[in-house]
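Listed below are the residues making up each chain.
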Amino acid sequence: MKTELLIVDKNVDNLDIYPQITQAATFLKENEVVAFPTETVYGLGGNAKSDEAVLKIFEAKGRPSDNPLIIHISKKEQLNEFVKEIPATASILMEKFWPGPLTIIFQKKDGVLSDVATAGLETVAVRMPEHPLALALIDAAGLPIAAPSANRSGRPSPTTAMHVWEDLNGRVSAVVDGGPTGIGVESTVLDCTAEIPQILRPGGVTKEQIEAVIGEVKVDPALTNVQAAPKSPGMKYTHYAPDAPLFLVKGSRDFIQQLIAEKRHEGLKVGVLTTEENSDYYEADVVQVCGQRAQLETVATALYDSLRSFNKTDVDIIYGEMFRNDGVGHAIMNRLLKAAGHKIVEEL
Ligand code: TXA
Ligand code: MG
C-alpha cells in the first residue's frame, strides 16, 4: 500500500477546506485508515461505525483484538448517537476538560458503533481532542473516529509524523503531518460508569485536576499492584519498550553511574535516560536527555522520542532515572514502568 504524507500547518485558517484535510477525510469516509496528530500523541483513525475500517486499524498496528479503541469526536452532540446516558460527573468533566486529554468511559448504545472498535464491551471510551487538525479532520469526515496511538503495537507511542512513518509506512493510506504533539503522553482514561469515577490510565489530565472539579476519584488498583488484573484491557500489555532492556533505578546518581561502569567493564554498551539537571554527570555510551526534572511537563513531552532514540544506537542495556509519582509524574512513571517491564534496580 502506498502511504500519502499530507503536510498541514496547524496554524492556518479554514482548515476545514484545506485540501490535505479534505483528502484525509475522504479516506476516512471510504473506510480507509489515516494517522493524524492530537495534542497527546498521533492517532491512527478509522470510521468507528465500520468493522472494515476498524479491522484495518488493528491489522496495521498488529494490535490484540481484545483491546478496545477510543472514539474521537469533534462536537459533544455526537455523543448522543452512541452513548446511553451522560452521568452528571461526566457532564461537569466534559465542560471543564473537553476538548482535551481526558477520555471518559460511558455505557454504550447498541448497534451504532462497530463492535470490533469496542472489543464487544458494553462500555465505550470517548474523547474530544484539543488539536485543530484533529478537530478539523473529524468534522470533515462527519463520523465518530476510532483512534488508538499510531504506533506498531508494543512500541513507544508516536509524538511526531516521523515516528508514525517509521512504524506504519506502507500499512496505512495516509499520515497527516502537523508537527510534534505537545503533551507527549496519552489521555487520562476515566471510568464514569461507577458511582465514584476511577482512573484506568493516568495521562494528560492529572488526578489532582480531576479531583479539584468533582471530588474524590479512585485509581484502578492494578496501576499500583502489578499482580492485579487491570480494568482497562490495554494496560495489561507490554508497551512503550525500546529494543534494549530498560532498568529503572531507585537511587542516587552515584549509584546509577556505578551500575553503568560495571556493565561497561563487562564490555556492554550502556545507555542512560536522564534529565537536563543530571546529564553532565554520567559517563555512558549514550546519554539521552529527556526534559527537565524541575518541569515534569517537559519530561512527558520528550519521553517517547527519548525511548525511541535508543533504537538508533547500539546500546545493549539502558538505565533510567525515576520520577515522583504524582501530577504528570503519575503518567510518566506508569509509561516508564511498562517500558521497563517493571524492572527496577534499588540502591540498598
Ligand atoms: O491520547 C490518547 O488517548 C491517544 C490519542 C490518539 O487520542 N489514544 C490512545 O489510544 O492512547 P490507545 O488505543 O492507544 O489506548 C486506549 C486505552 C487502552 O488502554 C484501552 O484498553 C482503553 O483505552 N479503553 C478503551 N475502551 C475502553 C473501555 N470501554 N473500557 C476500559 N478501557 C478502555
Ligand atoms: Mg497506545
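Residues numbered from 1 in each chain as written. Chains lettered and ligands numbered in written order. Predicted model: local features only at pLDDT ≥ 70, side-chain atom pairs only at ≥ 80, totals over all residues. Heavy atoms only, no water.

Per an unreviewed UniProt entry, the protein is named Threonylcarbamoyl-AMP synthase, and its organism is Bacillus yapensis. Taken from UniProt, the Subcellular location (unreviewed entry) comment for the protein reads in full: "Cytoplasm". Under the Sequence similarities (unreviewed entry) heading, UniProt states for the protein: "Belongs to the SUA5 family." (UniProt positions renumbered as here; feature names shortened; annotations may be inferred.)

Domain parsing of the protein yields domain 1 (4-184) and domain 2 (246-346). With centres defined by C-alpha atoms, the gap from domain 1 to domain 2 works out at 31 Å. Counting residues at the interface gives 14 residues for domain 1, matched by nine residues for domain 2. Note on domain 1 versus domain 2: buried area summed over both sides is about 860 Å², and carbon and sulfur give 43% of it. By the criterion of area lost to domain 2, the three top residues of domain 1 are Pro-156, His-163 and Gly-184, representing 46% of everything that side buries. Taken together, the connections running from domain 1 to domain 2 amount to eight residue pairs in polar contact (both at pLDDT 80 or more). Its residues placed into classes, the side of domain 1 that touches domain 2 shows four nonpolar, seven polar and three charged. (Domains from an automatic or database assignment. Contact = heavy atoms within 4.5 Å. Buried area = accessible area lost by both parts, 1.4 Å probe. Polar contact = N/O pair within 3.5 Å; in protein donor to acceptor, adjacent residues only side chain to side chain. Nonpolar A, V, L, I, M, F, W, Y, C, P; charged D, E, K, R; others polar.)

Strand order in the open sheet formed by five strands is β14-β13-β15-β12-β16, and the pairing between neighbours is parallel. The open sheet terminates on both sides in strands that have one partner only, identified here as β14 (286-289) and β16 (344-346). The sheet shows a mean angle of 25 degrees between the axes of neighbouring strands, direction not considered. Bridge count between strand β13 (residues 270-274) and strand β15 (residues 317-321): four bridges; the pairing is parallel. From the neighbouring strand, Leu-273 faces β15, where its bridge partner is Gly-320. Helix α8 (residues 253-265) contacts β12 (246-250), β13, β15 and β16 of the sheet and is inclined by roughly 175 degrees relative to β15. Contacting β12, β13, β15 and β16, helix α10 (residues 328-339) crosses the sheet at an angle of about 130 degrees to β12. (Pairing = 2+ DSSP bridges. Helix = DSSP H or I, 4+ residues; strand = E, 2+ residues; numbered from the N terminus. Axes fitted to C-alpha atoms, helices over the stretch in contact; angles between N-to-C directions.)

Cross-referencing UniProt, the feature "binding site: L-threonine" (unreviewed entry) maps to Thr-40, His-72, Arg-127, Ala-147 and Ser-187 in the present numbering. Sequence-wise these annotated residues cover 148 residues; spatially they are packed, their C-alpha atoms never more than 12.8 Å apart. Its place among the elements puts Thr-40 in the loop between β2 (34-36) and β3 (43-47). The residues touching Thr-40, leaving out its near neighbours within four places in the chain, are Pro-101, Arg-127, Thr-159, Thr-181, Ile-183, Gly-184, Val-185, Glu-186 and Ser-187. Among the polar contacts listed, one links the side chain of Thr-40 to the side chain of Thr-38, at a separation of 2.9 Å. Excluding anything up to four places from it in sequence, His-72 contacts Arg-127, Pro-129, Ile-138, Leu-143, Pro-144, Ile-145 and Ala-147. At 3.2 Å, the side chain of His-72 forms a polar contact with the backbone oxygen of Ile-70.

One finds Trp-98, Phe-106 and Ile-210 to be the most contacted residues of the largest nonpolar core, which totals 43 residues. Listed by contribution, the elements that provide at least two residues to this core are α2 (51-61), α3 (79-82), α4 (88-97), β5 (102-107), β6 (123-127), α6 (161-168) and α7 (207-214). Aside from chain neighbours lying at most four places away, what touches Ile-210 is Leu-93, Phe-97, Leu-102, Thr-188, Leu-190, Ile-199, Val-205, Gly-215 and Val-217. Core analysis: the second largest hydrophobic core is formed by 28 residues, Val-286, Val-299, Phe-310 and Ile-318 among them. (Core = buried A, V, L, I, M, F, W, Y, C linked by side-chain atoms within 4.5 Å. Buried < 20%, exposed > 50% of the residue type's maximum accessible area, 1.4 Å probe, protein only.)

Here we take up the packing of aromatic side chains. The final tally for this structure, using the stated rule, is three aromatic pairs. The interplanar angle of 15 degrees and the centroid separation of 5.3 Å between the aromatic rings of Tyr-240 and Tyr-304 together place this pair among those described as stacked. Linking Tyr-240 in the loop between β11 (218-219) and β12 with Tyr-304 in helix α9 (residues 296-309), this pair joins segments that are 64 residues apart in sequence. Per residue, the accessibility class of Tyr-240 equals that of Tyr-304, and both read buried. Seen in terms of ring centroids, Tyr-281 and Tyr-282 are 5.7 Å apart; in terms of plane orientation they differ by 90 degrees. Their pairing is edge-to-face. Judged by its relative accessible area of 32%, Tyr-281 falls in the partly exposed class. For Tyr-282, a relative accessible area of 6% translates into the label buried. We note Arg-253 situated over the ring of Tyr-281; from NZ or CZ to the ring centre the distance is 4.2 Å. (Phe/Tyr/Trp six-rings, centres within 6.5 Å; stacked < 30°, edge-to-face > 60°. Lys NZ or Arg CZ within 6 Å of the ring centre and 35° of its normal.)

Right, let's get into the pairing of β3. Burial within β3 is extensive, with five of its five residues counted as buried. Where β2 meets β3, three bridges bridge the pair, whose relative direction is antiparallel. Residue pairing across strands places Phe-36 opposite Gly-43, the latter belonging to β3. In textbook terms, the turn of a hairpin is the stretch between consecutive antiparallel strands, and for β2 and β3 this stretch comprises six residues. Here two bridges tie β3 to strand β7 (residues 145-146), and the two strands are oriented antiparallel to one another.

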